[in-house]
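So the chains spell out like this:
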Amino acid sequence: QVQLVESGGGLVQTGGSLRLSCAASGRTYSTYSVGWFRQAPGKEREFVAAISRGGGGKYYADSVKGRFTISRDNAKNLVYLQMRTLKPEDTAVYYCAAETDSLVPSTRDYDYDYWGQGTQVTVSS
């Protein structure tokens, strides 16, 4: 089992930046692929980015490609989501999730086994 805790959310103006962190405890983090998802009010949860166990594979939703960067530090049990050039449509609760036994991270939320509680990101226009 692994427990995940997100941090780093907040209120930022359009064009600003935030860095989200996902801290893990429990089983070795390096055995999991990790994904970031988000859910805006009234909308379904959607894939944002994912990173493979070793960090060599990174995947992004088209809506964030070129603006967001996912990375991980397995020695510190941390995964990051650096968000730049934020837009009002990026406003959502952001969740990190861990997927077991995957060589290539999934973009589907139902493939993930463990979830954090979420952190709110609000981008003002």
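This section reports on the structure supplied with the text. Values in this document were obtained by computation on a predicted structure and should not be read as measured data.

## Focus: the nonpolar core
- Counting residues in each nonpolar core, the largest one holds 34 residues, and the members touching the most others are Trp36, Leu81, Met83 and Tyr94.
- Those elements that provide at least two residues to this core are strand S1 (2–7), strand S3 (18–26), strand S4 (32–39), strand S5 (46–51), strand S7 (68–73), strand S8 (78–83), strand S9 (92–100) and strand S11 (119–124).
- Setting aside its immediate chain neighbours within four residues, tyrosine 94 contacts Glu6, Leu20, Trp36, Phe37, Arg38, Val48, Phe68, Leu81, Met83, Gly118, Thr119 and Val121.

## Here we look at the environment of aspartate 90
- One can find aspartate 90 in the loop between S8 and S9.
- Remark: the alpha-carbon pair of aspartate 90 and phenylalanine 37, spanning 53 residues in sequence, is separated by 11 Å.
- Every residue in contact with aspartate 90, bar those within four places of it in the chain, is listed here: Arg38, Arg67, Phe68, Thr85, Val121 and Val123.
- A polar contact is formed between the side chain of aspartate 90 and the side chain of arginine 67, at a distance of 2.8 Å.

## A closer look at the pattern of salt bridges
- Under the counting rule described, the total for this entry stands at six salt bridges.
- Between lysine 65 and aspartate 62 there is a salt bridge, with its nearest N and O atoms 3.2 Å apart.
- Given a relative accessible area of 66%, aspartate 62 falls into the exposed group.
- Two residues, aspartate 90 and arginine 67, come together in a salt bridge whose shortest N-O distance is 2.8 Å. Taken as a pair, aspartate 90 in the loop between S8 and S9 and arginine 67 in the loop between strand S6 (58–60) and S7 lie far apart in primary sequence, 23 residues in all.
- Overlapping salt bridges, with partners in common, bring together Arg38, Glu46, Arg67 and Asp90 in one network.

## Regarding the side chain of serine 52
- Position of serine 52 relative to the elements: it lies in the loop between S5 and S6.
- Looking at serine 52, its side chain comes within polar contact range of the main-chain nitrogen of glycine 57, at 2.8 Å.

## Digging into the sheet that holds S7
- An order of S1-S3-S8-S7 is seen for the four strands of this open sheet, with the pairing classed as antiparallel. The sheet is open, and its two borders are formed by S1 and S7, each paired with just one other strand. If you compare each strand with its neighbour and ignore which way they point, the axes differ by 15 degrees on average.
- Direction of pairing for S7 relative to S8: antiparallel, over a ladder of six bridges. Across the sheet, serine 71 pairs through a bridge with tyrosine 80, a residue of S8.

Quick notes on the rules
Sequence order as written defines residue numbering, which begins from 1 separately in each chain. Reporting of local features is limited, given that this is a predicted model, to residues whose pLDDT is at least 70; pairs of side-chain atoms are given and counted only at 80 or more, and all residues count toward the totals for whole chains, interfaces and linings. With hydrogens and water stripped out, all remaining heavy atoms of the structure feed into the side-chain values. Residues belong to one nonpolar core when they are buried, are Ala, Val, Leu, Ile, Met, Phe, Trp, Tyr or Cys, and are joined through side-chain atoms within 4.5 Å. With a 1.4 Å probe rolled over the protein chains alone, any residue whose accessible area is under 20% of its type maximum counts as buried; one over 50% counts as exposed, and the rest are partly exposed. To qualify as a helix, a DSSP run of H or I must reach at least 4 residues; to qualify as a strand, a run of E must reach at least 2; elements of each kind are numbered from the N terminus. Contacts are assigned to residue pairs that have any heavy atoms within 4.5 Å of one another. Any pair of N or O atoms that falls within 3.5 Å is considered a polar contact. Within protein, one atom must be able to donate a hydrogen and the other to accept it, and sequence-neighbouring residues count only if both atoms are side-chain atoms. What counts as a salt bridge is simple: a side-chain nitrogen of Lys or Arg found within 4 Å of a carboxyl oxygen of Asp or Glu. Paired strands are those between which DSSP finds at least two bridges. Fitted lines through C-alpha atoms serve as axes, helices being fitted only where they are in contact, and the angles separating the N-to-C directions of these axes extend from 0 to 180 degrees.

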